[in-house]
Amino acid sequence: MQESQTRDTSWVAQKGGMETVAGLATSRGFAAGEVYLALRGGRIAIPERAIAPDDADGEVLRYRTAQKSAKAQIDKMLDDLRQDGGDDSLMVLASHLEIINDVSFSARIEKCIYDNRICAESAVRRVTDEVRQIFMRMKDKYMRERVKDVDDVESRILRILMDRDDNPFAYLVKPSIIVADELAPSDTAALKKDLVLGFATDDGSTTSHVALLARALGIPAVTGLADISSRVKSGDFVLLDGTNGAVTINPDASTRAAFDQMVEHERQLAEFLAEDSSGAGVLKSGERIVLSANSQPGVDLCDLKRFGAEGIGLYRTEYLWLKSNDEPSEDEQFEAYAAAVRAAGELGGGARVTFRTLDIGGDKLPRMMMQREANPFLGCRSIRYLLRHRDVLRTQLRAILRASAIGKAAVMFPMVSDVREMVEAKSELALAMRSLREDGIPFDEHIQCGAMVETPSAALNAVRLASECDFFSIGTNDLVQYTMAADRGNGNVANLYQPTNPAVLRLVQMTAKAASDAGIGCGVCGESASDPVLGFLWVALGVGELSMSAGFLPAQRRILKALSKCDADELAAYVNGFLDVRTAEEIYDFCLRFLLAKVPRFEDIQSFFTRAQTV
Amino acid sequence: MAEEKVIEKEVTLLNRYGLHVRPAGLFAKTASRYDADITVEKDGVEVSGKSIMALMTLEAVSGSVLKLKVSGPEAEDLLEEIEALVARKFDIPDEQ
């Protein structure tokens, strides 16, 4: 941690002090500013005092007085909030008032004082602990998290009983980024919202109080940052990226400039493409191209609606493993998957979530699971790993199937290179279905099941593979890498990473044709789907769904709207004529010029894609 | 004394997150305004409809069916208002 320096220049001068902490992208948006540190510090320590029998009445009176003060405090906060127009905290605080007024709750506390001859603080703690235990056992995560409201009321009463100070924001006087260990509704009620640039908290999930509040106010927030509150102090300068879930502490000048530029891009993009943020993906001539989003645990599901996604075309489940470096239980997985299908369900139009089973290995290696391999990209990864660890696969399939009872879901197996892998994976799916049936747990009997096409062998054998699949999804990153035998991350061979290489284009075309002949869908879910040039090229080659980071959907929608089926056929005819005579670069340039000629303001649209790095 | 009439009625929770702190608070507050007794039963557990804490501990998620038993002079009015509240998803905008 750096010592504090003159305020205005601290982030420039401390080059060595810059660090970036990753957390959950809880509420979209960006903010740059000074930190206001608010520490609330979890559980209040209380005096465990036994009392004389005669003092019990006195303790009950102390409790009742504290109860009255707590009510008065909340009433006052509610009045203030109502004058400000009110927000999410208003409703929550009204419920806190109900908790304090709850006759059965106070009766139990008073009884506890009499029965056990203990002080009011101890009784409040004991009775609240009993309630907490009930909450801890709850299966529903959202419900379980409401224990925070009970904690909050307990803290309020305890602070009053122990005569402790209350407002963590007493010194907030200028616009700041609020950094805290955790924040309860009563804390944020006292907060002057117009001074908040953003929130960053140690604690929390995407459905915690601060998450709901931030989204309701449209303020960026990153939660689940583990120890951010001990890494910064008030006055530090931070960059907060609520879209991607990152906080950069004391950034250097170039980092800050890059951040500012990104924010400006985002702003212009939103403005320029506002009208393209909803509606189905469709060509000028009326053909449907499904535009869906790539998503994963921890990414804000509100983005789906905001950018007009028609579903989740790729849900990367492996983040549940990478996050904890441990095996997530069936229930944990189910919760994450259920949240995704619910969010998709709200989009309407039969939107579904395509769950990719654990895609692990290669560049994504949780330490506990993997053996060291000499050549990991050609090793035991993805479906190969799952077929050797059937318990992991079966647990995951059960969790996905359970989610399919809540909303529309599909399963997709990654890295299929031999049709037998698909057959075996499907027999595991059948087994998972049988075990759920035996347990009497509902699921979608007609869940669709498809393969990722990301190896040349899968593409070359697409006709046979299609007979085992309900859909294909082409993973362009791996397909390019395996076709060209070049690791994109290796600077010495990165020039060979060519999505428009004729070899790759042939494979994509073969895959799309096999799908079309078999009457099944074919999408592209690599980030290349969001490339302004490649997206339409894939459509021209016969792809019917593009799945990408949600933020790129409006721009891609705008491009598709400007082009017709005739344009697609024309481009396909040109490209087919080039396959034996042109290089990857020449083909890309041709496509680019084609689009520049046909799509109004294509250059503007393209400039917004500068951040569309293929992932 | 004449035996008191108990009205029973089942309602289904429609709001997105079920009977968590806000809806439970509104439920209890509404119930407390009437001269009537109300209990809420879910999966064999029956609690007072006037206690927010008890209601929250039912873990009634979205789609849960609650059996309401109401009695007393204003039982019918109370039942009517609770049913309307549940049907309106407790007027919580994010959960419609």
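This text follows the structure it describes.
Residues numbered from 1 in each chain as written. Chains lettered and ligands numbered in written order. Predicted model: local features only at pLDDT ≥ 70, side-chain atom pairs only at ≥ 80, totals over all residues. Heavy atoms only, no water.

**Focus: the overall build of chain A**
Right, on to step 1. A tally of helices and strands in chain A yields 26 helices and 16 strands.
Right, on to step 2. Within chain A, buried positions represent 55% of all 615 residues.
Right, on to step 3. Summarising the internal contacts of chain A: among those between residues at least 6 apart in sequence, 69% fall at separations of at least 24. (Helix = DSSP H or I, 4+ residues; strand = E, 2+ residues; numbered from the N terminus. Buried < 20%, exposed > 50% of the residue type's maximum accessible area, 1.4 Å probe, protein only. Contact = heavy atoms within 4.5 Å.)

**Things to note about the overall build of chain B**
Right, on to step 1. Assigned secondary structure in chain B consists of 3 helices and 4 strands.
Right, on to step 2. Counting helices and strands in the order they occur from the N terminus, chain B gives β-α-β-β-α-β-α.
Right, on to step 3. Counting all 96 residues of chain B, 49% fall into the buried class.
Right, on to step 4. Long-range pairs, those at least 24 residues apart, make up 73% of the contacts in chain B with a sequence separation of at least 6.
Right, on to step 5. Total accessible area computed for chain B in this model is approximately 4,600 Å², and 46% of it derives from carbon and sulfur atoms. (Areas by Shrake-Rupley, 256 points an atom, 1.4 Å probe, with all protein chains shown as cover.)

**With respect to the interface of chain B and chain A**
Right, on to step 1. Facing the 22 residues of chain B at the interface are 21 residues of chain A.
Right, on to step 2. Buried area between chain B and chain A, summed over both chains or domains, comes out near 2,000 Å², and the portion from carbon and sulfur atoms is 69%.
Right, on to step 3. For chain B, the biggest contributors to the area lost against chain A are Arg22(B), Met53(B) and Glu59(B); these three give 32% of the whole.
Right, on to step 4. At the surface where chain B touches chain A, the tally comes to 1 salt bridge. (Buried area = accessible area lost by both parts, 1.4 Å probe. Salt bridge = Lys/Arg side-chain N within 4 Å of Asp/Glu carboxyl O.)

**Structural notes on the packing of helix 1 (residues 21-32) of chain B against helix 3 (residues 75-87) of chain B**
Residue and element names in this part refer to chain B.
Right, on to step 1. Here helix 1 crosses helix 3 at 165 degrees, and the two axes come no closer than 10 Å. What the angle tells us is that helix 1 and helix 3 run roughly antiparallel. Crossing angle aside, the handedness with which helix 1 passes helix 3 is right-handed. Counting all contacts with helix 1, which are made through Leu 26, Phe 27, Thr 30 and Ala 31, the residues of helix 3 involved are Leu 78, Glu 81, Ile 82 and Leu 85.
Right, on to step 2. Of the residues that constitute the contact of helix 1 with helix 3, the class distribution is 6 nonpolar, 1 polar and 1 charged. (Axes fitted to C-alpha atoms, helices over the stretch in contact; angles between N-to-C directions. Parallel < 35°, antiparallel > 145°, perpendicular 65-115°, else oblique. Left-handed = near helix turned anticlockwise from the far one by under 90°. Nonpolar A, V, L, I, M, F, W, Y, C, P; charged D, E, K, R; others polar.)

**Here's the deal with the sheet that holds strand 10 (residues 312-316) of chain A**
Residues and elements named next belong to chain A.
Right, on to step 1. Reading around the circumference, 9-10-11-12-13-14-15-16 is the order of the 8 strands in this closed barrel, with parallel pairing throughout. Recorded for the sheet is a direction-independent mean angle of 30 degrees between the axes of neighbouring strands.
Right, on to step 2. The sheet contact formed by strand 10 and strand 11 (residues 353-356) spans 3 bridges and is parallel. If you follow Arg 316 over to strand 11, its bridge partner there is Arg 356.
Right, on to step 3. Across the sheet, helix 21 (residues 502-518) touches strand 13 (448-453), strand 14 (471-474) and strand 15 (521-524), and the angle it forms with strand 14 is around 165 degrees. (Pairing = 2+ DSSP bridges.)

**So, the sheet that holds strand 2 (residues 37-42) of chain B**
Residue and element names in this part refer to chain B.
Right, on to step 1. The sheet built from 4 strands is open, its strands ordered 1-4-2-3 with antiparallel pairing. Lying at the two open borders of the sheet, with one neighbouring strand each, are strand 1 (6-12) and strand 3 (45-48). In this sheet, neighbouring strand axes are inclined to one another by 25 degrees on average, regardless of whether the strands run parallel or antiparallel.
Right, on to step 2. The pairing of strand 1 with strand 4 (residues 65-71) spans 7 bridges and is antiparallel. Looking at strand 4, one finds that Lys 9 is bridged to Leu 68.

**A look at the side chain of Glu59(A)**
Right, on to step 1. Considering the arrangement of structural elements, one finds Glu59(A) in helix 2 (residues 56-83).
Right, on to step 2. Residue contacts for Glu59(A): discarding those within four places in its chain leaves Arg49(A), Ile51(A), Ile113(A), Ile118(A), Cys119(A), Ala120(A) and Glu121(A).

**Thoughts on the environment of Phe471(A)**
Residues and elements named next belong to chain A.
Right, on to step 1. Within the secondary structure, Phe 471 is located in strand 14.
Right, on to step 2. Taking the C-alpha atoms as reference points, Phe 471 and Ser 516, separated by 45 residues in sequence, lie 9.9 Å from one another.
Right, on to step 3. Once residues within four sequence positions are removed from consideration, Phe 471 is found in contact with Arg 352, Thr 354, Ala 410, Val 411, Met 412, Gln 448, Cys 449, Gly 450, Ala 451, Ile 520 and Gly 521.

The analysis is restricted to geometry; functional conclusions fall outside its scope.
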